[in-house]
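Architecture at a glance
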Amino acid sequence: MVSQTILKAKSEGKLQKQICKVVLDHFEKQYIKELGDVWTTVREVLSSPQCWQYAVLLNKFNYSSELEKDLHLKGYRRAFQEPLPYLPESLKCYISSTPGRFLAQKHRVGKLKEYYLLNAASLLAVLALEVKDGEKVLDMCAAPGGKSIALLQCACPGLLHCNEYDSLRSRWLQETLESFIPASLMNTITVDELDGRCIGDLHPNAFDKVLLDAPCSNDKSWLFSSDIQQATEMISHRKELSTIQVQLLRSAIKALHPGGSLVYSTCTLSRAENSDTINHILNSSSNIVPEDISEMASAVSWEFTLADGIQKHELLVLPERGKAWGPMYMAKLKKALSKEN
Ligand SMILES: C[S@@+](CC[C@H](N)C(=O)[O-])C[C@H]1O[C@@H](n2cnc3c(N)ncnc32)[C@H](O)[C@@H]1O
């Protein structure tokens, strides 16, 4: 009886996500200090799922012109219309200023999916990486695979090595890849289930590009935690995330070929997991330098709300009503050519 009521409520869209007060109070204290008044507008969007927006990333390996027509009819337009330092024509992403989600696509046996729904800010990390055909690329924390799919829309890497530590999520990653990428390309993609912190030692100097979309205190999902005890525990262990992020970054740097670049990204506003982590790496590694992404940041600043006071090698996307993208932090670093690894 209860489950029938839940099913009915679900189908009528009546089940509302509940804000977890413990998490909100914790964020409130931290983010008012770090972001000042901006936090008030960001909090309003973060705590209102009805304002959230989802972009539609077309799958270049299988989409129809009917889909594009339908997107236009529903008020969607192409994202990234300003000239960007790197924007392959093959990357087609549609966004709408109206909140909501385009219909999710079911799995169809033997047919590739036509599109992937994602936070448009996620694509900035992929664009900043500037992957070229033939390059060896590592996606160190890859599940469920949204950014791997986006990378493959941009270029044909000689090798895309997707890694995910959690075995359930690794299976999910594998399924995503199989649903979007033709079998003929799968021989250029490898999937591994390692702790990313080991990859640098296992594959030193092996990759031209590394994407480190790090485990972080995912603000949007933490805010709607349904288990107060679990949320309290996550908050008390929050500081440990920075330690893991630094270890993953060190491994990513080792795995990079000298002269290669890495993009680090998170979906939290937390300074400790963003600029502080990157500054720690920059101040303690002799073989890594910041890479300027300010040209890309200014080209996307009309579509995304970006935090002020940020350095040229980083950007922070702040969700705002009508531009409810992010939170998303990213920084780009380059491994020096001449120094020891
Ligand atoms: C932010 S999510 C990645 C999202 C993914 N890049 C995408 O775009 O779909 C971070 C992932 O890192 C994984 N992870 C956590 N610790 C890890 C580690 N030590 N090594 C590798 N992956 C790890 C988590 O299980 C999680 O799936």
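For the structure, see preceding data.
Described in the following lines is the structure provided in the data block. Because the structure is a prediction, the values reported are computed rather than measured.

Let's shift gears to empty space enclosed by the protein. Evaluated as defined, the whole model comprises one cavity of 30 Å³ or more. In this structure, the largest cavity occupies an estimated 30 Å³ of space. As for the largest cavity, its lining consists of Arg78, Ala79, Phe80, Leu87, Leu91, Lys92 and Cys93. Within the lining of the largest cavity, the residues separate by chemical class into five nonpolar, no polar and two charged.

The geometry of helix H11 (residues 238-255) relative to helix H12 (residues 275-284) is characterised by a closest axis approach of 10 Å and an angle of 45° between their N-to-C directions. Relative to H12, H11 is oriented oblique. Our pair here, H11 against H12, has a crossing hand that is right-handed. When H11 is examined against H12, the residues Ser242, Gln245, Val246, Leu249, Arg250 and Ile253 are found in contact with a partner set consisting of Thr277, Ile278, His280, Ile281 and Ser284. For the contact of H11 with H12, the residue count by class is five nonpolar, five polar and one charged.

Across the eight residues of helix H5 (residues 122-129), eight count as buried, placing the element largely inside the fold. Those residues of H5 lying buried are Ser122, Leu123, Leu124, Ala125, Val126, Leu127, Ala128 and Leu129. Residue Glu130 follows H5 closely and has a positive phi angle near 50°.

One pass over the full model with this rule turns up 14 salt bridges. Here Arg43 makes a salt bridge to Glu28, at a shortest N to O gap of 2.5 Å. One end of the pair, Arg43, is in helix H3 (residues 38-46); the other, Glu28, is in helix H2 (residues 21-35), with 15 residues separating them in the sequence. Residue Lys92 is joined to Glu68 by a salt bridge in which the shortest nitrogen-to-oxygen separation is 3.2 Å. Residue Lys92 is found in the loop between strand E2 (77-78) and strand E3 (93-95), and its partner Glu68 is found in helix H4 (residues 65-73); the two are separated by 24 residues along the sequence. For the pair Lys92 and Glu68, a shared accessibility class is recorded, and that class is buried. Beyond isolated ion pairs, a larger network of salt bridges with shared partners links Asp219, Arg238 and Glu273.

Looking now at the layout of surface pockets. Considered as a void within the structure, the second largest pocket measures approximately 410 Å³ in volume. In terms of lining residues, the second largest pocket is bounded by 24 residues, among which Leu35, Ala307, Asp308, Ile310 and Leu316 are the most central. Mapped by element, the contributors of at least two residues to the lining of the second largest pocket are H2, H3, H12 and strand E11 (314-317). Of the residues assigned to the lining of the second largest pocket, the class counts are eleven nonpolar, seven polar and six charged.

About the criteria used
Residues numbered from 1 in each chain as written. Predicted model: local features only at pLDDT ≥ 70, side-chain atom pairs only at ≥ 80, totals over all residues. Heavy atoms only, no water. 1 Å grid on protein atoms, 1.4 Å probe; cavity = no way out; pocket = protein on both sides within 12 Å on 5 of 7 lines; lining within 4 Å. Points joined across faces, edges and corners; volume = space filled by probe spheres on them. Nonpolar A, V, L, I, M, F, W, Y, C, P; charged D, E, K, R; others polar. Axes fitted to C-alpha atoms, helices over the stretch in contact; angles between N-to-C directions. Helix = DSSP H or I, 4+ residues; strand = E, 2+ residues; numbered from the N terminus. Parallel < 35°, antiparallel > 145°, perpendicular 65-115°, else oblique. Left-handed = near helix turned anticlockwise from the far one by under 90°. Contact = heavy atoms within 4.5 Å. Buried < 20%, exposed > 50% of the residue type's maximum accessible area, 1.4 Å probe, protein only. Salt bridge = Lys/Arg side-chain N within 4 Å of Asp/Glu carboxyl O.

That is the geometry; function is a separate question.
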